[in-house]
Amino acid sequence: PRRRGRTAVAAVSVLLVAATIGLIWVLGNRSDDEDAASTTTAPAPTELPVEQVWAAATGGDVFSSPAVTTDLVVTGSDDGAVRGLDRATGQERWNTATGGPVKSSPTVADGVAYVGSNDGSVHAFDAATGAKRWETPIGYEVVSSPAAAGGSVVIGSDKLYSLDQATGTQRWATATDAEIVSSPAVDGDTVVVGSNAGSLYGFALAALKPLADQYGP
């Protein structure tokens, strides 16, 4: 009689993720002892229609990422303006100019929009009307996007700056090994930000207290 041989087959696990209808299909660990004829067939993709609701033109390229609230979209543009748009219709509610391209992405907190500009300043606008609350000159272009927390607005430029959220008054500034284009993240009393020197830094929010150089050369 013919002996039944077993061929050593490496078990292969294949994870097939179907981005349709949230289904995950898993195929794997088959050997030649299993019925190779059995298969699992994924359903045909479901076409989900995407409808453009509105479009709003600006006078320049838009590198700034929008901040979205319950009824408002706030964004910058290379034409130097910060705009507040109706979230449902895209209609422009306000348009306030800065002195340079706005590549920084706005942060909206407590009814105020905070954003940097390549004019070398950090700006605060009333989110409902676009009226300027304050402007703080930094002296160097501000591409980094602000984080607002604990009464402070923290943002990068040639240094890392902490500004008073209500008045824009500088609380502290500290230099890293290079300019800061990265946008700071705040959790509790800790601020973390990267720099163009290839390092990530941690600082205390309340005062200038470097925690550590987390990653670096």
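Computed from a prediction, not measured in an experiment: that's the story for all the values here. (Residues numbered from 1 in each chain as written. Predicted model: local features only at pLDDT ≥ 70, side-chain atom pairs only at ≥ 80, totals over all residues. Heavy atoms only, no water.)

Q: Quick one: what's the story with the overall build of the protein chain, residue by residue and with numbers?
A: Each helix and strand in the protein chain was counted, giving zero helices and 18 strands. Per-residue burial for the protein chain yields a buried fraction of 36% across its 217 residues. Within the protein chain, counting contacts between residues at least 6 apart in sequence, those at least 24 apart form 30% of the total. For the protein chain, the accessible area works out to roughly 12500 Å², and carbon and sulfur atoms hold 53% of it. (Helix = DSSP H or I, 4+ residues; strand = E, 2+ residues; numbered from the N terminus. Buried < 20%, exposed > 50% of the residue type's maximum accessible area, 1.4 Å probe, protein only. Contact = heavy atoms within 4.5 Å. Areas by Shrake-Rupley, 256 points an atom, 1.4 Å probe, with all protein chains shown as cover.)

Q: Please set out unusual backbone geometry residue by residue, giving values where relevant.
A: With a phi angle near 55°, Asp110 is a residue other than glycine that sits in the positive phi range. Turning to its location among the elements, Asp110 is positioned in the loop between β7 (107–109) and β8 (112–116).

Q: An account of the pairing of strand β12 (residues 152–156) is requested, with residue identities and associated values reported.
A: Along β12, five of the five residues are buried, which leaves the element largely enclosed by surrounding structure. Because side chains alternate across β12, one face comprises the buried residues Ser152, Val154 and Gly156, and the other comprises Val153 and Ile155, equally buried. Summarising the sheet, strand β11 (residues 147–149) and β12 pair through three bridges and their orientation is antiparallel. Note that in β12 the partner of Ala148 across the bridge is Val153. In textbook terms, the turn of a hairpin is the stretch between consecutive antiparallel strands, and for β11 and β12 this stretch comprises two residues, one of which, Gly150, has a positive phi near 60°. In terms of strand pairing, β12 meets strand β13 (residues 160–164) through five bridges, oriented antiparallel. (Pairing = 2+ DSSP bridges.)

Q: Which residues make up the environment of Val154, and what values do they have?
A: One can find Val154 in strand β12. Owing to a relative accessible area of 1%, Val154 belongs among the buried residues under this scheme. For the pair Val154 and Trp172, spaced 18 residues apart in the sequence, the C-alpha separation amounts to 9.6 Å. Setting aside chain neighbours within four positions, we find Val154 in contact with Ser145, Pro146, Ala147, Leu160, Tyr161, Ser162, Pro184, Val191 and Leu205.

Q: I'd like to hear about the sheet that holds β13, residue by residue, with values.
A: Ordered in space as β11-β12-β13-β14, the four strands form an open sheet in which the pairing is antiparallel. Each of the sheet's edge strands pairs with one partner strand only, and the pair in question is β11 and β14 (170–174). Recorded for the sheet is a direction-independent mean angle of 15° between the axes of neighbouring strands. Two elements, β13 and β14, share four bridges in a ladder whose sense is antiparallel. Bridge assignment links Leu160 to a residue of β14, and that residue is Thr174. (Axes fitted to C-alpha atoms, helices over the stretch in contact; angles between N-to-C directions.)

Q: Describe the side chain of Ser144, and please don't skip the residues or the numbers.
A: Looking at where Ser144 falls in the secondary structure, it is placed in the loop between β10 (132–137) and β11. Within the structure, Ser144 has its side chain in polar contact with the backbone nitrogen of Gly156 (distance 3.1 Å). The contacts of Ser144, once residues within four sequence positions are left out, are Ser104, Ile155, Gly156, Ile180, Val181, Ser182, Ser183 and Pro184. (Polar contact = N/O pair within 3.5 Å; in protein donor to acceptor, adjacent residues only side chain to side chain.)

Q: How would you sum up the sheet that holds strand β4 (residues 72–76)? Please name residues and give values.
A: An order of β3-β4-β5-β6 is seen for the four strands of this open sheet, with the pairing classed as antiparallel. The outermost strands of the open sheet, each flanked by one partner alone, are β3 (67–68) and β6 (92–97). Here strand β5 (residues 81–86) runs beside β6; their pairing, made up of five bridges, is antiparallel. Looking across to β6, one finds that Gly84 is bridged to Trp94.

Q: Break down the side chain of Ser157 for me, with residues and values.
A: Within the secondary structure, Ser157 sits in the loop between β12 and β13. In this structure, Ser157 is in contact with Ile138, Tyr140, Glu141, Val142, Glu179 and Ile180, ignoring residues within four places of it in sequence.

Q: If you had to explain the confidence of the model for the protein chain to someone new, which residues and values would you point to?
A: Per-residue confidence for the protein chain averages 82 on the pLDDT scale, and 76% of its residues sit at or above 70. In the predicted structure, residues 2–31 sits below a pLDDT of 50 and forms 35 contacts with residues beyond four places in sequence or in another chain. (pLDDT = per-residue confidence, 0-100.)

Q: Give a description of the nonpolar core that names residues and reports values.
A: Judged by nonpolar contacts, Ala109, Val112, Tyr114, Val122, Ala124, Trp134, Ile138, Val142, Val153, Ile155, Tyr161 and Leu163 together constitute the single largest core of 12 residues. Counting residues per element, the ones that place at least two in this core are β8, β9 (121–126), β12 and β13. Filtering out sequence-adjacent residues up to four positions away, Tyr114 remains in contact with Ser105, Pro106, Thr107, Ala109, His123, Ala124, Trp134, Pro146, Ala148, Val153 and Gln165. (Core = buried A, V, L, I, M, F, W, Y, C linked by side-chain atoms within 4.5 Å.)

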